[in-house]
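# Structure at a glance
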Amino acid sequence: MADQLTLEIISAINKLVKAENGERTTVALGEITTDTELTSLGIDSLGLADVLWDLEQIYGIKIEMNTADAWSNLNNIGDVVEAVRGLLTKEV
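From a predicted model like this one, the values you see are computed outputs, not experimental measurements.

### Remarks on helix H1 (residues 4-21)
Compared with an ideal rise of 1.5 Å per residue, which puts 18 residues at 26 Å, H1 spans 25 Å between its outermost C-alpha atoms and is within 8% of the ideal. Of the residues making up H1, those classed as buried are Leu-5, Thr-6, Ile-9, Ile-10, Ala-12, Ile-13, Asn-14, Leu-16, Val-17 and Asn-21.

Next comes the structure, spelled out in structure tokens:
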């Protein structure tokens, strides 16, 4: 079972995807897991930059990655969750 942080990040990404795609998503919220590939949600490199910016705002963190690094290192929801979790742990 996913923890609270994972559920919050899945929800935030789902909202962004729906806003970008106008409710035309191929994956339902209940089907999104940590293994869900970002590309399967229609997230491209620009969309990933939006996701990272939104997560920075939500959690008051700074994700120190340029878009190319992020695109190389963050392939699925689990990668995003672990990146945010690592930054939140550093903040404490």
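### Details of helix H2 (residues 45-59)
Taking 1.5 Å per residue as the helical rise, H2 with its 15 residues ought to reach 21 Å, and the 21 Å between its terminal C-alpha atoms agrees with that figure. Gly-47, Leu-48, Val-51, Leu-52, Leu-55, Glu-56 and Tyr-59 are the residues of H2 that are buried. Between the side-chain oxygen at the start of H2 and the backbone nitrogen of Leu-46 there is a gap of 3.2 Å, and the oxygen is on Asp-44. Downstream of H2 by a residue or two, Gly-60 has a phi angle that is positive, lying close to 60°.

### What to know about the nonpolar core
Of all hydrophobic cores here, the largest spans 25 residues; its most connected members are Ile-9, Ile-13, Ile-43, Leu-55 and Ile-77. Listed by contribution, the elements that provide at least two residues to this core are H1, H2 and helix H4 (77-91). Top element by residues in this core is H1. It accounts for seven residues. Setting aside its immediate chain neighbours within four residues, Ile-77 contacts Ile-10, Ile-13, Ile-32, Thr-33, Thr-34, Thr-36, Leu-38 and Leu-41.

### Quick look at the pattern of salt bridges
If you walk through the whole model with that rule in mind, you get three salt bridges. Across the pair Arg-85 and Glu-82 runs a salt bridge whose closest N-O atoms are separated by 3.4 Å. Taken together, the residues span about one helical turn, with Arg-85 and Glu-82 both in helix H4 at a distance of three residues. When its relative accessible area of 26% is taken as the criterion, Arg-85 is described as partly exposed.

So, how was this worked out
- Residues numbered from 1 in each chain as written.
- Predicted model: local features only at pLDDT ≥ 70, side-chain atom pairs only at ≥ 80, totals over all residues.
- Heavy atoms only, no water.
- Helix = DSSP H or I, 4+ residues; strand = E, 2+ residues; numbered from the N terminus.
- Expected span 1.5 Å × (residues − 1).
- Buried < 20%, exposed > 50% of the residue type's maximum accessible area, 1.4 Å probe, protein only.
- Polar contact = N/O pair within 3.5 Å; in protein donor to acceptor, adjacent residues only side chain to side chain.
- Core = buried A, V, L, I, M, F, W, Y, C linked by side-chain atoms within 4.5 Å.
- Contact = heavy atoms within 4.5 Å.
- Salt bridge = Lys/Arg side-chain N within 4 Å of Asp/Glu carboxyl O.

Read these as geometric descriptors, not functional statements.
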